[in-house]
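# What the coordinates show
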Amino acid sequence: ATGGLDDTITLFNPDTLRGNGFKFKAYTETAFFRQIQNALSLFREKKKWRALIRNGMEGNYAWNASAEKYLKLYRRIHNKKRGER
């Protein structure tokens, strides 16, 4: 979970079928290996694996989506400085 990957990858939940990947915060062999095991286990469950793939494909990873988020943030900051809400 670092940089842009942390922003774009959401941990897949096999119960809700939400999320688009696997990630870990602790930079350890154990944390990495655990997510590899989770991925391999999920791969055996074809319906859930297809949901993961579909979620990843439906994501908007274009720069214009990121740029729009930055514009909203900058406008909010600008309006806050001017005393607006």
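Summarised in this report is the structure supplied together with it. This one's a predicted model, so the numbers in the text were calculated from it and none came from an experiment. (Residues numbered from 1 in each chain as written. Predicted model: local features only at pLDDT ≥ 70, side-chain atom pairs only at ≥ 80, totals over all residues. Heavy atoms only, no water.)

### A few points about the overall build of the chain
Applicable threshold: Secondary structure is summarised from DSSP: a helix means a run of H or I of at least four residues, a strand means a run of E of at least two, and numbering begins at the N terminus for each. In this setup the radius of gyration rests on C-alpha atoms only. A globule is expected at 2.2 Å times the number of residues raised to 0.38.
Scanning the chain for helices and strands turns up four helices and zero strands. Sequence-ordered secondary structure for the chain, helices as α and strands as β, is α-α-α-α. For the chain, the C-alpha radius of gyration of 17 Å lies well beyond 12 Å, the compact-globule estimate for 85 residues. Its C-alpha atoms give the chain principal-axis dimensions of roughly 55 × 30 × 20 Å.

### With respect to the pattern of salt bridges
Heads up, the condition is: Salt bridge, as applied in this entry: a Lys or Arg side-chain nitrogen positioned within 4 Å of an Asp or Glu carboxyl oxygen. Using a 1.4 Å probe on the protein chains alone, a residue whose accessible area is under 20% of its type maximum counts as buried, one over 50% counts as exposed, and one in between counts as partly exposed.
In total, this model carries two salt bridges according to the counting rule given. D6 is the partner of K23 in a salt bridge, and the nearest nitrogen-oxygen pair spans 2.7 Å. Of the two residues, K23 is situated in the loop between α1 (3–8) and α2 (29–43) and D6 in helix α1; the sequence distance between them amounts to 17 residues. Here D6 falls in the partly exposed class, since its relative accessible area comes to 28%.

### Overview of α2
Which entries qualify depends on this criterion: A helix's residues, less one, multiplied by 1.5 Å, set its expected span. The arc in question is traced by the directions running from the helix axis to the C-beta atoms. We call two residues in contact when some of their heavy atoms are within 4.5 Å.
Taking 1.5 Å of rise per residue, 15 residues should cover 21 Å, and α2 covers 21 Å from first to last C-alpha, within 8% of that figure. By the burial criterion, the buried members of α2 are A31, Q35, A39 and L42. The buried residues of α2 occupy one face: seen down the axis, they fall within an arc of 80 degrees. Residues E29, T30 and F33 are exposed on α2 and point more than 90 degrees away from its buried face. Check the buried side of α2 and you find it contacts α3 (46–58).

### Brief notes about unusual backbone geometry
Residue L17 is not a glycine yet carries a positive backbone phi of 65 degrees. One can find L17 in the loop between α1 and α2. For L17, a relative accessible area of 29% puts it in the partly exposed group.

Don't take any of this as a statement about function, it's just geometry.
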